[in-house]
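Residues per chain, in single letters:
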Amino acid sequence: MHFDCIILGGGAAGLTACAALAGSGLRIALVERLDRVGKKIMASGNGRCNLSNENMNPAFYGGAASFVDTLYRQVPPGDVLGFFSGLGLMTCSEDGRIYPRTLMASSVLDVLRAACESENVTILTGQEAVSLTPSRRGGWSVQLSSGEGLFAPTVLCAMGGSASPHLGTDGAGIRLLETLGHSACRQFPALVQLRCDHGALRSLKGVRIQAALTLEIGGKPAARETGELLFTDYGVSGVCVFQLSGLAAQALDARKRVRLLVNLLPEILNVSTWFRERITARPDHSALSIFTGVFPRLLSMALLKQSGISPEMQVSCLHEDQIRAICDYISAFALPVIGTQGFKNAQVTRGGIALAEVDPRTMASRLFDGLYILGETLDADGPCGGYNLHFAFAGALAAAKDILSRQ
Ligand SMILES: Cc1cc2nc3c(=O)[nH]c(=O)nc-3n(C[C@H](O)[C@H](O)[C@H](O)COP(=O)(O)OP(=O)(O)OC[C@H]3O[C@@H](n4cnc5c(N)ncnc54)[C@H](O)[C@@H]3O)c2cc1C
């Protein structure tokens, strides 16, 4: 079957590109391997879809900052929100994070799907792109799992990365592009839970606290995050953990020693003074009850066990070294990090197709004519907060703009 443009992947980037091109009269085929398009959009933001952020600073994308800066100059954040507004989506903001006003991810998917509805658009679901080759007559040939072949002068690769394979993304798009001759940077799970090796974890399972985390790599502080920390039987979870996870995964891969130092009372500047004052005010309290109203009981128990202090001991009897030990644990509870919960649980992929091989103004491949590479397939990832969906949307709009300018 012949088309003017083939879009591989019916996720955030693929659907946005399709929606932007649908009214142009171009004959478009969108190929999605799952039975429905946009499954990851539906799962995003806990079903609420955090689609963007009021502060789209390219610096948040780490090593991809310069690429993202160029892209966001080409398609400014306001243009992405304007595009969705033009599709009828009303949005709201919570602490700078932008959501659909309905707080339902289905609203984002619904407006995109409605915009893709056009007699010129053919959506092929349950069809996997298994090969992508430059056609001898010029343009591109795509082989589908059904055995069917598609041909077009332009192909947009929007098959995502390797994170959350149950949502259709297992690195297949990156491998297709590698086969073609593009190079891919090593991939790591990012925005994912961390596995830690610590005897106290089993007893802490389910405990949630506000904490400040320092990621220590090779004995040196590498990054800091604050927020809600959740202890699990395998390690730790929570947005603050997610933000540090990509860096931790890379360091572990490089066989560096990785630890999380958890400050359990970040709002107290001098824990030693605070603890001594608390003892003075409550001299007859037990070592366990002195923490009542400060920590969940399970955490207090674990702290005392680590410090070698009996929960029943009266605080006025604590020795100097016991006080110091407990204050050290409160300020920096050290958890050796041994891994992540893997791509299966990760929200994004760190790594992917090398940015040097793509023009950030248009998302066109620098190696092949008529080929565009979008979204998470690329070696760019941002933190939690709407940065990854926004990157996928902005790239899709840049590519659509370029394709339309060539007609
Ligand atoms: C649980 C979860 C929550 C998230 N929440 C947020 C959030 O709130 N905010 C945010 O900014 N980001 C969030 N993300 C990340 C964000 O969803 C992704 O970065 C974004 O969807 C990437 O867009 P994409 O178009 O590149 O890839 P995807 O949206 O992953 O789409 C790729 C599509 O290609 C299809 N595909 C793959 N291979 C083939 C093939 N060979 N043939 C045909 N089709 C193929 C896949 O089935 C998939 O539908 C979340 C991710 C997860 C997993």
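## Considering the domain arrangement of the chain
Step number 1: Partitioning the chain into structural domains gives domain 1 (5–189 + 347–405) and domain 2 (193–340).
Step number 2: Once you take the C-alpha centre of each, domain 1 and domain 2 turn out to be 40 Å apart.
Step number 3: Contact residues are listed per partner, giving 6 residues for domain 1 and 8 residues for domain 2.
Step number 4: For the side of domain 1 that touches domain 2, the class distribution of residues is 4 nonpolar, no polar and 2 charged.

## Notes on the site of the ligand
Step number 1: Lining the immediate environment of the ligand, one finds 40 residues, of which Gly9, Gly11, Gly160, Gly168 and Gly375 sit closest.
Step number 2: Those elements that place two or more of their residues in the shell around the ligand are helix H1 (12–21), strand E2 (28–32), helix H2 (39–43), helix H6 (172–180) and helix H13 (387–405).
Step number 3: Among the elements that make up the shell around the ligand, the one with the highest residue count is H13 (4 residues).
Step number 4: The residue makeup of the shell around the ligand, split by class, is 17 nonpolar, 17 polar and 6 charged.

## Re the packing of helix H9 (residues 271–281) against helix H11 (residues 320–331)
Step number 1: Running from amino to carboxyl end, H9 crosses H11 at an angle of 125°, the nearest separation of the two axes being 9 Å. Overall, the two elements H9 and H11 adopt an arrangement that is oblique. Both H9 and H11 take part in a crossing whose hand is right-handed. On H11, the residues touching Val271, Ser272 and Phe275 of H9 are Ile323, Ile326, Cys327, Ile330 and Ser331.
Step number 2: Here the residues of the contact of H9 with H11 sort into 6 nonpolar, 2 polar and no charged.

What counts as what
Residues numbered from 1 in each chain as written. Predicted model: local features only at pLDDT ≥ 70, side-chain atom pairs only at ≥ 80, totals over all residues. Domains from an automatic or database assignment. Contact = placed C-beta atoms within 7 Å. Nonpolar A, V, L, I, M, F, W, Y, C, P; charged D, E, K, R; others polar. Near = placed C-beta within 6 Å. Helix = DSSP H or I, 4+ residues; strand = E, 2+ residues; numbered from the N terminus. Axes fitted to C-alpha atoms, helices over the stretch in contact; angles between N-to-C directions. Parallel < 35°, antiparallel > 145°, perpendicular 65-115°, else oblique. Left-handed = near helix turned anticlockwise from the far one by under 90°.

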